[in-house]
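What follows is the residue order along each chain.
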Amino acid sequence: QVHVVESGGGLVQPGGSLRLSCAASGFTFSSYFMSWVRQAPGKGLEWVSDINGNGGSTYYADSVKGRFTISRDNAKNTLYLQINSLKPEDTAVYFCHAEGVEVVAGLPHAFDTWGQGTQVTVSS
């Protein structure tokens, strides 16, 4: 079964930093794009960043470009999001997202998996 579990959120002052982690299991982690998505209070989901399977290509929303860095450690099946120069508008629940088709015993198994999220609150 495919699982992703986020951690690393917390309360930080404006200008501070956090490193979010997402531990993945149940699929061939290194074969898939991974994403971070966030949801601010009272708002919809906002895509934050993507990274390809080998970590060589990364993509960012304009709102976080230059402040956030996505990375992955395929040996540890873990996705990261380094968030710097935090602003109050970065306050949100941050979710890790994985989707794809995993072939198991010759049969395709599609997955579209979200974690429970980790809360990031930026406030003085």
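Bear in mind the structure is a predicted one, so any value in this text is a computation, not a measurement. (Residues numbered from 1 in each chain as written. Predicted model: local features only at pLDDT ≥ 70, side-chain atom pairs only at ≥ 80, totals over all residues. Heavy atoms only, no water.)

A. Inspection of the overall build of the protein chain at higher detail. A tally of regular secondary structure across the protein chain gives 0 helices and 11 strands. Seen in sequence order, the protein chain has helices and strands lined up from the N terminus as β-β-β-β-β-β-β-β-β-β-β. Relative to the 2.2 N^0.38 estimate, which gives 14 Å for 124 residues, the radius of gyration of the protein chain is 15 Å and therefore close to what a compact globule would have. Summarising its shape, the C-alpha atoms of the protein chain cover approximately 55 × 30 × 25 Å along the three principal directions. Here the protein chain holds 124 residues, and the buried ones make up 44% of them. Contacts in the protein chain between residues far apart in sequence, at least 24 positions, make up 54% of those at least 6 positions apart. Taken as a whole, the protein chain presents about 6,400 Å² of accessible surface, with 51% of it coming from carbon and sulfur. In the protein chain, 8 positive and 10 negative side-chain charges are present, and the distance between their average locations comes to 8 Å. (Helix = DSSP H or I, 4+ residues; strand = E, 2+ residues; numbered from the N terminus. Rg over C-alpha atoms; globule rule 2.2 N^0.38 Å. Buried < 20%, exposed > 50% of the residue type's maximum accessible area, 1.4 Å probe, protein only. Contact = heavy atoms within 4.5 Å. Areas by Shrake-Rupley, 256 points an atom, 1.4 Å probe, with all protein chains shown as cover. Lys, Arg positive; Asp, Glu negative; His and termini not counted. Charge placed at Lys NZ, Arg CZ, Asp CG, Glu CD.)

B. Quick look at the sheet that holds strand E3 (residues 18-25). What the 4 strands build is an open sheet, ordered E1-E3-E8-E7; its pairing is antiparallel. Looking at strand neighbours, the two that pair on one side only are strand E1 (3-7) and strand E7 (68-73), the edges of this open sheet. Neighbour-to-neighbour, the strand axes of the sheet open up by a mean angle of 15°, direction not taken into account. Here E1 pairs with E3 via 5 bridges, running antiparallel. Within the sheet, the bridge partner assigned to glutamate 6 lies in E3 and is cysteine 22. (Pairing = 2+ DSSP bridges. Axes fitted to C-alpha atoms, helices over the stretch in contact; angles between N-to-C directions.)

C. Geometry of the state of the cysteines. Counted according to the given criterion, the structure contains 1 disulfide. Across a sulfur-sulfur distance of 2.1 Å, cysteine 22 and cysteine 96 are joined as a disulfide pair. Between cysteine 22 and cysteine 96 the disulfide shows an S-S torsion of about -70°. By sign, it is left-handed. Highlighted residues: cysteine 22 in strand E3 and cysteine 96 in strand E9 (residues 92-104), separated in sequence by 74 residues. Summarising the burial analysis for this pair, cysteine 22 and cysteine 96 share the class buried. (Disulfide = S-S within 2.5 Å.)

D. Just the pattern of salt bridges, in detail. Applying the stated criterion across every chain yields a total of 4 salt bridges. The closest approach of N and O atoms between lysine 65 and aspartate 62, which form a salt bridge, is 3.1 Å. Aspartate 62 shares its class with lysine 65; the two are exposed. A salt bridge links arginine 67 to aspartate 90; its shortest N-O distance comes to 2.7 Å. With a gap of 23 residues between them, arginine 67 in the loop between strand E6 (58-60) and E7 and aspartate 90 in the loop between strand E8 (78-83) and E9 connect regions that are remote in the sequence. Judged by its relative accessible area of 10%, arginine 67 is buried. Among the residues examined, aspartate 90 registers a relative accessible area of 0% and is labelled buried. (Salt bridge = Lys/Arg side-chain N within 4 Å of Asp/Glu carboxyl O.)

None of this, on its own, says anything about what the molecule does.
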